[in-house]
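Working through the structure, step by step
Residues per chain, in single letters:
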Amino acid sequence: MEIFPGAVHLPRFLSLAEQLELAERCQAIGNGPTGWYVPTVRGGGQMRVRMVCLGRHWNARTYRYEASRRDHDGRPAPPLPPQLSALAVRMAEAAGMRLLPDVCILNSYDAAGKMGLHQDKDERQDTLAAGVPIVSVSLGDTAKFIIGGLTRKDAKTMVPLASGDGFVFGGPSRLRFHGVAAVLPHTGPPELGFDGRLNLTFRQGASPP
Ligand code: MD6
Ligand code: FE
């Protein structure tokens, strides 16, 4: 379902079995040796999510991508598994777009988790200009995902992102402001066996050309 030109919601794209497999993979990474951390942003505040970046590392202090976690523990970013990239490519195609991801940012939200209104513009200029999409996958509890316009004050729409949903954010919508206003506790499939929400965002243009 197209919310705006280039902003496509794919409700229940993943089966429950696919959600389970993906959630287990994400938790194994997050609970592993190069796992979850809480980023501190430029202004000194802590984000309201736990994060792990795969393929490249997004430095919350500098808003730049780099090979290792210089703002945290200095470890190299874990690799981006090819099965995850393939899923993102498949979702982009379902929305009529193309993406060759080089990074995935994995976010974990508890009941108090949220993400302030932001634009994703730290990827390479050529991919931003071409409207190469970000592909987002949600697992677990439903999020109230807010989408605005190209300036912070523009009117906003709320899209509930439920477990197994895809969201493809590209074309003329690539630089729209967006955020997560809230996560609705206990709204995810109980079969997944975890509280809270996982979100994966796949991006192209985090590495030098
Ligand atoms: C989240 N997502 O859903 C945060 N960014 O937890 C994002 O910030 C996001 O879903 C770009 C494109 C799609 C997204
Ligand atoms: Fe974003």
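Residues numbered from 1 in each chain as written. Chains lettered and ligands numbered in written order. Predicted model: local features only at pLDDT ≥ 70, side-chain atom pairs only at ≥ 80, totals over all residues. Heavy atoms only, no water.

Thoughts on the coordination of the iron ion (ligand 2)
Note on metal sites: the ideal angle is 109.5 degrees for four tetrahedral donors, and 90 or 180 degrees for six octahedral donors. Distances from the iron ion (ligand 2) to its protein donors, namely H118 (NE2), D120 (OD) and H178 (NE2), fall within the range 2.1 to 2.2 Å. When the donor residues of the iron ion (ligand 2) are listed from N- to C-terminus, their spacing reads H-x1-D-x57-H. Pair noted here: H118 is in strand 7 (residues 115-118) and H178 is in strand 12 (residues 178-183), with a separation of 60 residues, a long-range link. In this pair, the class of H118 matches that of H178, namely buried. (Donors = N, O, S within 2.8 Å, 3.2 Å for Na, K, Ca; no water. Helix = DSSP H or I, 4+ residues; strand = E, 2+ residues; numbered from the N terminus. Buried < 20%, exposed > 50% of the residue type's maximum accessible area, 1.4 Å probe, protein only.)

Focus on the nonpolar core
Counting residues in each nonpolar core, the largest one holds 31 residues, and the members touching the most others are L22, V135, V137, L139, L200 and F202. Secondary structure elements with two or more residues in this core: strand 2 (7-10), helix 1 (16-30), strand 3 (50-54), helix 2 (82-94), strand 6 (103-109), strand 8 (134-140) and strand 13 (197-203). No other element matches helix 2, which puts five residues into this core. Excluding residues within four positions of it along the chain, F202 makes contact with L80, L84, S85, A88, L99, P101, V103, C104, P133, I134, V135 and V137. (Core = buried A, V, L, I, M, F, W, Y, C linked by side-chain atoms within 4.5 Å. Contact = heavy atoms within 4.5 Å.)

Describing a positive patch on the surface
Taken together, the side chains of R42, K121, R152 and K156 make up a positively charged region of the molecular surface. Mapped onto the secondary structure, K121 falls in the loop between strand 7 and helix 3 (125-129). (Patch = residues over 30% accessible without salt bridge, like charges linked within 9 Å, V, L, I, M, F, W, Y side chains within 5 Å. Areas by Shrake-Rupley, 256 points an atom, 1.4 Å probe, with all protein chains shown as cover. Salt bridge = Lys/Arg side-chain N within 4 Å of Asp/Glu carboxyl O. Lys, Arg positive; Asp, Glu negative; His and termini not counted. Charge placed at Lys NZ, Arg CZ, Asp CG, Glu CD.)

Overview of the layout of surface pockets
Its boundaries defined by the atoms lining it, the largest pocket holds a volume of some 740 Å³. Looking at the largest pocket, it is lined by 36 residues, and the ones nearest its centre are M47, M115, G116, H118 and D120. Listed by contribution, the elements that provide at least two residues to the lining of the largest pocket are strand 6, strand 7, strand 8, strand 11 (166-169), strand 12 and strand 13. The class makeup of the residues in the lining of the largest pocket is 17 nonpolar, eleven polar and eight charged. If you add up the space inside the second largest pocket, you get close to 190 Å³. Every residue lining the second largest pocket is listed: L14, E18, E21, L22, R25, Q83, L84, L87 and R90. Mapped onto the lining of the second largest pocket, the elements with two or more residues apiece are helix 1 and helix 2. Split into classes, the residues belonging to the lining of the second largest pocket amount to four nonpolar, one polar and four charged. (1 Å grid on protein atoms, 1.4 Å probe; cavity = no way out; pocket = protein on both sides within 12 Å on 5 of 7 lines; lining within 4 Å. Points joined across faces, edges and corners; volume = space filled by probe spheres on them. Nonpolar A, V, L, I, M, F, W, Y, C, P; charged D, E, K, R; others polar.)

Topic: the sheet that holds strand 1 (residues 2-4)
The strand order across the open sheet formed by seven strands is 1-2-11-8-13-6-3, and the pairing between neighbours is antiparallel. Edge positions in the sheet fall to strand 1 and strand 3, since each has one partner strand and no second. Averaged over neighbouring strand pairs, the angle between their axes works out to 20 degrees when direction is ignored. Where strand 8 meets strand 13, six bridges bridge the pair, whose relative direction is antiparallel. Looking across to strand 13, one finds that G140 is bridged to R197. In the packing of helix 2 onto the sheet, the strands contacted are strand 2, strand 3, strand 8, strand 11 and strand 13, and the crossing angle to strand 8 comes to about 110 degrees. (Pairing = 2+ DSSP bridges. Axes fitted to C-alpha atoms, helices over the stretch in contact; angles between N-to-C directions.)

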